[in-house]
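Results of the structural survey
This is what each chain is made of:
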Amino acid sequence: MSFKQIGVVGLGIMGAGIVEVFARAGYAVTGVAESGPAVTAGQSNLAKSLGRAVTKEKLTQDESDEITARVIFGEDFSLLANCDLVIEAAPEILSLKTQIFRQLDAVVKPAGILATNTSSLSVTDIAHATNRPAQVVGMHFFNPAPVQKFVEVISTAKSDPKVVAQIAELGTSLGKHLAQISDQPGFIVNKLLLRYLNHAVQILDSGQGTKEQIDAAMRELSNYPMGPCELLDLIGIDTCVEILKTIHADTGLEIDKPAVGMVELVAAGHKGRKSGAGFYDYSQSAQIPTDSNESVKKQIHNDLLIAYLGDCIAMEATGYAAKSDIDSGMRLGCGLPQGPFEVIDSMGIESVRAAQAELAQRSGVTDYQPLAF
Ligand code: CAA
């Protein structure tokens, strides 16, 4: 199939970003959201992002106008009827996504492919809400979608391999690096990333460090582009809680239970940047967290890094993903300077395993124990 007309349902941060990715690549895009204000917010997200690129002289005003002209916005699902592919980017609520897929199945032409940008929910469950499960896949982008160069393509047992191959080809045409994987909660990146983010908030909740120390630890000692609390604010703390609930339901592990600090912020309406405040307050200009307590930062950095590297080793050992896909996912999906297996290679696997055992013993959390090979 040659893709010409692309639909996007849901115009929040991710949906609007996905609209921009396709429009920039030359596709005609239809963006649909559930209400007038949601459509306006999506339009303004696209305008803001293109405006930033023009200010930075990455795009000319003419190019930005051409990109904008490729997109139409609206509230009516029937606008999507002729789309070759529709990507759903609605909130992480399974009942909402299955309802959207039933609607899409009814209006989109029979040859149309339907994809979900779900962060962790079962693509299989979503596919089964339609009468065309062979034409349903996951196409998972990373935030900000125009910046992060990685996409996970998720197939279910029912996905037609030809459809998966077409979606992979399309993803490559967008300039993205892809990993093709099966349907598991959190896929590659979110399974690893969300446990790391949750661990950071568990450290915060336990009083072992402040949010500034935690963020500065990862920025300064591993050169991450953002600390975990800043990143939770970027993704949306409410979204992260929902992803963790899905992962926790699957693993049953205490370390995957959403940390209290996150749940409380969401209950207070502090969902991160999109609501004006989360761990940090965004009514003022951006703050780069700093802290001079070197020993606290070193301990926090050690604990977060070692637990995360251990999870990467375990993921590869289960056969779910290859080292190269895990490395690409974390580097190109989250902007990390190195993939985890590059870090493990430079540290030596035995020293990572010894550090895992030390962390498990000191914290009393047996889930941090190294795998028995
Ligand atoms: N939309 C579009 N472009 C954006 C953007 C946005 N929201 N935010 C930043 N950019 C662009 C900027 O225009 C700039 O582009 P150029 O290099 O072409 O000039 C570039 O990104 C860098 O931006 P800045 O210089 O303003 O800021 P920065 O260097 O601090 O980078 C960042 C910002 C790209 C967000 C970087 O901090 C980063 O990569 N952070 C990690 C983000 C991450 O981990 N994302 C994955 C989260 S997990 C996920 O999304 C999956 C899920 O399901 C939850």
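Residues numbered from 1 in each chain as written. Predicted model: local features only at pLDDT ≥ 70, side-chain atom pairs only at ≥ 80, totals over all residues. Heavy atoms only, no water.

**Things to note about the UniProt feature "domain: 3-hydroxyacyl-CoA dehydrogenase NAD binding" (unreviewed entry) in the chain**
Filter applied, for reference: UniProt positions are given in the numbering used here, feature names are shortened, and annotations may be inferred rather than shown by experiment. Numbering of helices and strands runs from the N terminus, with a helix taken as a DSSP run of H or I at least four residues long and a strand as a DSSP run of E at least two residues long.
Taken from the UniProt record, the annotation "domain: 3-hydroxyacyl-CoA dehydrogenase NAD binding" (unreviewed entry) applies to residues 5-181. Spanning residues 5-181, this segment combines 41% helix with 21% strand, and its end C-alpha atoms are found 25 Å apart.

**Describing the state of the cysteines**
Note the cut-off: Here, two cysteine sulfur atoms that lie within 2.5 Å of each other are counted as a disulfide. Using a 1.4 Å probe on the protein chains alone, a residue whose accessible area is under 20% of its type maximum counts as buried, one over 50% counts as exposed, and one in between counts as partly exposed.
Throughout the structure, instances matching the rule amount to zero disulfides. Counting only cysteine sulfurs, Cys334 is the nearest neighbor of Cys240, a cysteine outside any disulfide, at a range of 11 Å. Residue Cys240 is classed as buried on the basis of its relative accessible area of 0%. The closest cysteine sulfur to the non-disulfide-bonded Cys312 is located on Cys334, 10 Å from its own sulfur.

**Examining a positive patch on the surface**
Heads up, the condition is: Distance thresholds for patches are 9 Å for like charges and 5 Å for nonpolar side chains (Val, Leu, Ile, Met, Phe, Trp, Tyr), applied to residues having over 30% relative accessible area and no salt bridge. All accessible-area figures derive from a Shrake-Rupley calculation using a 1.4 Å probe, and residue coverage is judged against the displayed protein chains alone. Whenever Lys or Arg places a side-chain nitrogen within 4 Å of a carboxyl oxygen from Asp or Glu, that contact is recorded as a salt bridge. In this tally, Lys and Arg are treated as positive and Asp and Glu as negative; His is ignored, and so are the chain termini. Positions of charges follow a simple convention, taking NZ of Lys, CZ of Arg, CG of Asp or CD of Glu.
Positive charge collects at one region of the surface, where Lys48, Arg52, Lys56, Lys58 and Arg273 lie side by side. Position of Arg273 relative to the elements: it lies in the loop between helix H11 (260-267) and helix H12 (294-318). For Arg273, a relative accessible area of 41% translates into the label partly exposed.

**Notes on the sheet that holds strand S5 (residues 113-116)**
Our working rule: Only when DSSP finds a minimum of two bridges between them are two strands counted as paired. Angles here are taken between N-to-C directions and fall from 0 to 180 degrees, while the axes themselves are lines fitted to C-alpha atoms, restricted in helices to the stretch in contact. Any pair of residues with heavy atoms lying within 4.5 Å of one another is described as a contacting pair.
Strands sit in the order S3-S2-S1-S4-S5-S6-S7-S8 across an open sheet of eight strands; the sheet is mixed. The sheet is open, and its two borders are formed by strand S3 (71-74) and strand S8 (177-182), each paired with just one other strand. Averaged over all adjacent pairs, the angle separating strand axes in this sheet is 25°, with direction ignored. Taken together, the six bridges between strand S7 (residues 150-155) and S8 define a ladder with parallel strand orientation. Residue pairing for S8: Glu152 is matched across the bridge by Ala179. Its contacts with the sheet put helix H4 (residues 94-107) on strand S1 (5-9), strand S4 (85-88), S5 and strand S6 (136-140), and the angle it makes with S5 is roughly 165°.

**Quick word on unusual backbone geometry**
Omega for the peptide link from Asn143 to Pro144 comes to -5°, which places this bond in the cis form. Relative to the elements of secondary structure, Pro144 occurs in the loop between S6 and S7. Positive phi is not limited to glycine here, since Phe187 has a value of about 50°. With respect to the helices and strands, the residue Phe187 is situated in the loop between S8 and helix H7 (189-205). The residue Asn223 is not glycine, and still its phi comes out positive at about 55°. Relative to the elements of secondary structure, Asn223 occurs in the loop between helix H8 (211-222) and helix H9 (228-235). Residue Asn223 is classed as exposed on the basis of its relative accessible area, which comes to 56%.

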